[in-house]
Every structure is written in structure tokens, then in C-alpha cells.
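These are the residues of each chain, in order.
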Amino acid sequence: MPKWVYVKDIAAAVGQQVTLKGWLYDHTDKGKLQFLLVRDGTGVIQCVASQKDLSPEAFAAAQAAAQESSLIVTGTVRADSRAPGGFELSLSNVEIVQLAKDYPITPKDHGIEFLMQHRHLWIRSARQNAILRIRAEIIKAARDWLDSNGFVNIDTPILTPSSCEDTTTLFETTYFDDKAYLAQSGQLYNEATIGSFGKVYCFGPTFRAEKSKTRRHLTEFWMVEPEMAYIDLDGCMEVEEQFVSYIVQTVLKNRVAELRTLERDVSRLDRVIAPFPRITYDDAVDLLNQKGLPFKWGDDFGAPHETVIGESFDRPVFVHHYPSAFKAFYMEETPGRPETCLSVDLLASEGYGEIIGGGQRTASLELLEKRIQQHKLPRSDYEWYLDLRRYGSVPHSGFGLGIERTVAWICGISHIRETIAFPRMLEKIYP
């Protein structure tokens, strides 16, 4: 019985008879010759079915196979520079597992609404496969760097009793006889765990009920969030640039084929090596006005502003010391300038905007109590968080990297909806 192999391992089987199990990607009918492009999740290979080499039943199966039919093929592997991937399978048998009829996504152009409605099928395409493989590589690289640099992975709750960010973007749910919310971030909980481990991170889905239809927003997205004791704002930026540099360079090393499929110009990614440029919020305001985009100090950046700032540099750029008014309640004040805080965003190059938000958290019990009151948050929900400032408080910092925005930037794609298998947006929850 021929051994079952995957397309990715086909080079080691030249001259051998093997079996592949997969789906029909494309089919060219040349009469007595049938050319079947078969994919199995690891790659695509051209399979040649010749009428003289197959039984009548097997050749009839090769003729009948339609796009996305599942099938098992057996044949001899041979090298062929003209074939996709440089190898070809000369078939001796074709077995259809399930004959697909009228597959809805044909080689013709389809509108984005149609493709999103058929997202469960669209992810089979070469482009979507490449994006999702790069996503997996980004996640693996992020974990590898953190695990290799002394961070401990701590899982934080999805159901929470209070907010971490803006209280107007909470998804509320019933929790028995009480209310609960889907987590906006695991940060507050990992500010607790640094007291036990020093350096930690969490990784998981986060939820924001933002009524936004921009190309950069999802209502459910994934974040990796490191938190570090005894690290100030400068130290936080150093970690961020090393972390992001490692992720990008790992993708460039391991996902060349996928980047090629996406026709990604990698020349800009080649430059993503620490250190990154750093500018203050004040500098960024001046830059926007110089570029002809009027902007008033004290306002928050929108997508057009982040785009202009990011396009002004050849690699990601840090913008730090934002006004306290529009940053989270837990941010540390700038010494001698309390209207600003020790916050930092990392804006990706090429106009992709913010991929990381973070900064130094306040270590002061008095300031945190004051901030909770200013933000009109229910103090009782944060007594445990205040305890962290009562018992062994230390300077500490952290950040959150949004996986989907990072995927969009590295892949060079224009909309965040393609960066996760099943995106959740303002008007999309199907499939």
C-alpha cells in the first residue's frame, strides 16, 4: 500500500509511489489527459491522470472531479520544473471521497460582501491560506520571544466584573444574578500577577463594543499583553521594539512563500530592526501641522493622523507622553507635567497605524484613587486593584499588541477583516 504523504514532504519521495488526501483546487480537461491541482492544507501539487495508466473507473473519477471535491490520489512522484512547486504526481488511481457540486466561489471575481458571507469557504483560497499561516507564525514568534525572555504566560478571565478601558465599549452579559462584561484586556489582572512572577503575559480574545466601521476595527480581536515589574516607560519601549523586530524578522525568515503569494513588498519590513524612532505627542502634533493636516493639541489621533505620522518614518515609530485626558485611568502622570502621562503607542510603518498601546502604570495609591473618582468608576469594583498599591507597589509597565493589526501590516493588506478566520465586526457575526 503506498504511503500517505503531505505535499510539503513530496520532495523526499521522488521516484516513489505515494498517496495524497485532499481537495481539488483546479481541474484542466485535456481529453485523455486530466490535470488535477490537489491541495492538502500543506501545499498544492499538479497530478496528471492519463487514460492509459488508470482503470476506467479511476479515469472517470478524474474527469468528474469538480472544484473543492475531496479526493484521494495515488501515483508516482517526479520532479518537473514546469509544474507548480517543481514536482508532479503521475496518477495510478483517483478516488472521490465527496463530489462537490456548484461550488459558489468560482475563479471569477466576487464582491467582498459575497466573499465574507462565504467566509467558511473563502479561507480555502491561496491568499487567505497565506494570511492565516502568517498569523499563526506571528503568534508563535510572539510566544517564543516572551517565553525565551523570562515572561510567564498567565491566563486571565474573559468574564470580568468591571472595565479596563472605556466603559462605553463594554459587552454586557448576565452572570447569574449579577452583571458581567466580556474582557477588554487582561492587563489589570496581570498587574496582580507580576507581584508573584515579575514578568508575565496573557494572550487571548478581547472585546470592544465600538460602533466603528473602519478598516482597522473588530469587535472581537486577539491581544498579547506583557506586564513587567520595575520597568519604566523607556524600558517598556525597549522591550516593545525588540519584541516586534523579532516577530517581523521571524516571518520574513519562515514565511517567504506566503509573502510571495500575497505579493508583499518586503523591502520595508527588512528595515524593522530595533531601535525604532521615538517622538513625543507634542512632536507629533507639530509634524501633522507641518504636513498640512491641521491638528489641535489635546485631541486624540484618528486613522488619518496615525497614517501621516507612520508614513513619515521608514520603520515603526513610538509616540509617547500623550495627554492624560484621553488615556486610561491607570496611566502614570509625567513628573512635573500632570496634564500628560507616561503612555506610548507604536505606530506601524506604511500608514498602518497603532499596533501597540501601553506605558507605565501608576504606582501611587493616592493617584489611582483620584483617577477612579475622576473617571466616575465604582470604587468597590476596584478595591482588589487598589490593594496592589497598598501591598508592595512598584514602578511597572506593560503593553498590548493587537494581533490582527499586526497581521494586516506584515501581510500588507488593506482591511483587518482578512486577518482572522472568522471576523466579528459591527454588522457581521455570520458565519
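Here is what the cut-offs are and how they apply
- Residues numbered from 1 in each chain as written.
- Predicted model: local features only at pLDDT ≥ 70, side-chain atom pairs only at ≥ 80, totals over all residues.
- Heavy atoms only, no water.
- Helix = DSSP H or I, 4+ residues; strand = E, 2+ residues; numbered from the N terminus.
- Expected span 1.5 Å × (residues − 1).
- Phe/Tyr/Trp six-rings, centres within 6.5 Å; stacked < 30°, edge-to-face > 60°.
- Buried < 20%, exposed > 50% of the residue type's maximum accessible area, 1.4 Å probe, protein only.
- Lys NZ or Arg CZ within 6 Å of the ring centre and 35° of its normal.
- Pairing = 2+ DSSP bridges.
- Contact = heavy atoms within 4.5 Å.

1. A look at helix H4 (residues 126–148)
And step 1. In a regular helix each residue adds 1.5 Å, so 23 residues correspond to 33 Å; H4 covers 32 Å between its end C-alpha atoms and thus fits that length.
And step 2. Residue Gly150 follows H4 closely and has a positive phi angle near 85°.

2. Regarding the packing of aromatic side chains
And step 1. Here the structure, examined in full by the defined rule, presents 20 aromatic pairs.
And step 2. Look at Trp4 and Tyr6: their rings are 5.6 Å apart centre to centre, the planes differ by 40°, and that puts the pair in the tilted class.
And step 3. Note on Tyr322 and Phe326: the rings are 6.0 Å apart at their centroids and 80° apart in plane angle, and the pair reads as edge-to-face.
And step 4. Classification of Tyr322 as buried rests on a relative accessible area of 0%.
And step 5. On the accessibility criterion, Phe326 (23% relative accessible area) is partly exposed.
And step 6. Put simply, the rings of Tyr189, Phe329, Tyr330, Tyr382, Trp384 and Tyr385 pair up and form one aromatic cluster.
And step 7. Sitting over the face of the ring of Tyr322, Lys327 holds its NZ or CZ atom 4.3 Å from the ring centroid.
And step 8. Here the guanidinium or amino end of Arg389 rests over the ring plane of Tyr385, the centre of that ring lying 4.4 Å away.

3. Overview of the sheet that holds strand E14 (residues 317–320)
And step 1. Read from one edge of the open sheet, eight strands run E7-E11-E12-E19-E18-E17-E14-E13, paired in mixed fashion. In this open sheet, the two strands that pair with only one neighbour each are strand E7 (152–153) and strand E13 (278–280).
And step 2. Where strand E18 (residues 353–361) and strand E19 (residues 396–402) come together, six bridges link them in antiparallel fashion. Counterpart to Gly357 in the pairing with E19 is Gly400.

4. Thoughts on the side chain of Ser70
And step 1. Along the polypeptide, Ser70 turns up in strand E5 (residues 70–79).
And step 2. What makes Ser70 buried here is its relative accessible area of 15%.
And step 3. Look past the residues within four positions of Ser70 in its chain and what remains in contact with it is Gly22, Trp23, Glu95, Ile96, Val97 and Gln98.

5. Some details on the sheet that holds strand E10 (residues 178–182)
And step 1. On the basis of which strands lie adjacent, the open sheet formed by three strands has the order E8-E10-E9 and antiparallel pairing. Looking at which strands have only one partner, the edges of the open sheet turn out to be strand E8 (159–160) and strand E9 (172–175).
And step 2. Two strands pair when backbone bridges link them, and E9 and E10 are joined in this way by four bridges, in the antiparallel orientation. Of the residues in E10, the one forming a bridge with Thr174 is Lys179.

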